[in-house]
Amino acid sequence: MIPHRLLVVCGAMCSVGVVWTGVLIAALLAGHRLAPTPVAVLVAAVLALPGVIAGVLGNRWYYRTTRPRRAWSLTSWVPPHVPHWASMLAGALFFGFWLAVVVAFAGLNGNAEMRDGQYVLDHNGRITVINEADYQRQLDHEQQISLGVLGALAVGGTFMTGAVLTHHAAPEPTHTQSAGLPLA
């Protein structure tokens, strides 16, 4: 069993990770890079990953499920005691981070590099010389992709640790709900 305090700390770290990545992505979309990519991504990973691991292990421990109660119903993936507004909020935030990743991928034109003092894009072996502004924009897209993925993970970690932390208030599952029982 995961200690309660550890779940609280991991859930809080994931919540901070959601805010951290959201603020950095919003700044990138506004044209400002608030932190260098290695720092931004490292901090986001340190904030998000422990909570994701604790949330997955905690949910696996408490619910012992391997699949949802109904395959094509998104609400069946949510523990029964979690309020619908919480799952809807988590879904909207997850979608926002997913959208940030898709937008950044759409803006990528290749791998931005410095070669012989020039800014270049390497796109499938074809080298194109670009200016510094385009080079910085490509680096911003790369940072946005990394932060979007880690932000989505942080949303999931926050949601899962929250579900485990509120498990004590949950009603006992009925025979039609999946709580470690084989599904019919």
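In the block above lies the structure referred to throughout.
(A) Representation of a nonpolar patch on the surface. There is a patch of nonpolar side chains on the surface, built from Leu29, Phe94, Phe95, Trp98, Leu99, Val102 and Val103 and spanning about 670 Å² of accessible area. At six residues, helix H3 (residues 84-107) tops the list of elements feeding residues into the nonpolar patch. Here Leu29 shows up in helix H1 (residues 4-29). Judged by relative accessible area, which is 57%, Leu29 ranks as exposed.

(B) Region of the structure containing the environment of Leu28. Residue placement: Leu28 occurs in helix H1. For Leu28, a relative accessible area of 8% translates into the label buried. A C-alpha to C-alpha distance of 6.4 Å links Leu28 and Asp140, two positions 112 residues apart in sequence. Other than its neighbours up to four places away in sequence, Leu28 contacts Arg33, Asp140, Gln143, Gln144 and Leu147.

(C) View of the layout of surface pockets. Of the voids in this model, the second largest pocket is the one considered here, and its volume is about 270 Å³. Ala86, Leu89, Ala90, Thr158 and Phe159 are the residues nearest the centre of the second largest pocket, which is lined by 16 residues in total. Listing elements by their share of the lining of the second largest pocket, those giving two or more residues are H1, H3 and helix H4 (132-165). Class assignment for the residues of the lining of the second largest pocket results in twelve nonpolar, four polar and no charged.

(D) The arrangement of H4 in detail. Relative to the 50 Å expected for 34 residues at 1.5 Å per residue, H4 spans 48 Å between its end C-alpha atoms, a close match to the ideal helical length. Sitting at the amino-terminal end of H4 is Asn131, which places a side-chain oxygen 3.3 Å from the backbone nitrogen of Ala133.

(E) Representation of the side chain of Asp140. Following the sequence through the fold, Asp140 ends up in helix H4. Given the relative accessible area of 14%, Asp140 is considered buried. Filtering out sequence-adjacent residues up to four positions away, Asp140 remains in contact with Leu28 and Arg33.

(F) Structural context of the sheet that holds strand S1 (residues 111-115). Ordered in space as S1-S2-S3, the three strands form an open sheet in which the pairing is antiparallel. Every other strand in the sheet has two partners, leaving S1 and strand S3 (126-130) as the edge strands with one partner each. Mean inter-strand twist for the sheet, computed between neighbouring axes without regard to direction, equals 35°. The pairing of strand S2 (residues 118-123) with S3 spans five bridges and is classified as antiparallel. Note on S3: the bridge partner recorded for Tyr119 is Ile130. Each of S1, S2 and S3 touches H4; the most contacted strand, S1, lies at about 135° to it.

The rules behind each value
- Residues numbered from 1 in each chain as written.
- Predicted model: local features only at pLDDT ≥ 70, side-chain atom pairs only at ≥ 80, totals over all residues.
- Heavy atoms only, no water.
- Patch = residues over 30% accessible without salt bridge, like charges linked within 9 Å, V, L, I, M, F, W, Y side chains within 5 Å.
- Areas by Shrake-Rupley, 256 points an atom, 1.4 Å probe, with all protein chains shown as cover.
- Salt bridge = Lys/Arg side-chain N within 4 Å of Asp/Glu carboxyl O.
- Helix = DSSP H or I, 4+ residues; strand = E, 2+ residues; numbered from the N terminus.
- Buried < 20%, exposed > 50% of the residue type's maximum accessible area, 1.4 Å probe, protein only.
- Contact = heavy atoms within 4.5 Å.
- 1 Å grid on protein atoms, 1.4 Å probe; cavity = no way out; pocket = protein on both sides within 12 Å on 5 of 7 lines; lining within 4 Å.
- Points joined across faces, edges and corners; volume = space filled by probe spheres on them.
- Nonpolar A, V, L, I, M, F, W, Y, C, P; charged D, E, K, R; others polar.
- Expected span 1.5 Å × (residues − 1).
- Polar contact = N/O pair within 3.5 Å; in protein donor to acceptor, adjacent residues only side chain to side chain.
- Pairing = 2+ DSSP bridges.
- Axes fitted to C-alpha atoms, helices over the stretch in contact; angles between N-to-C directions.

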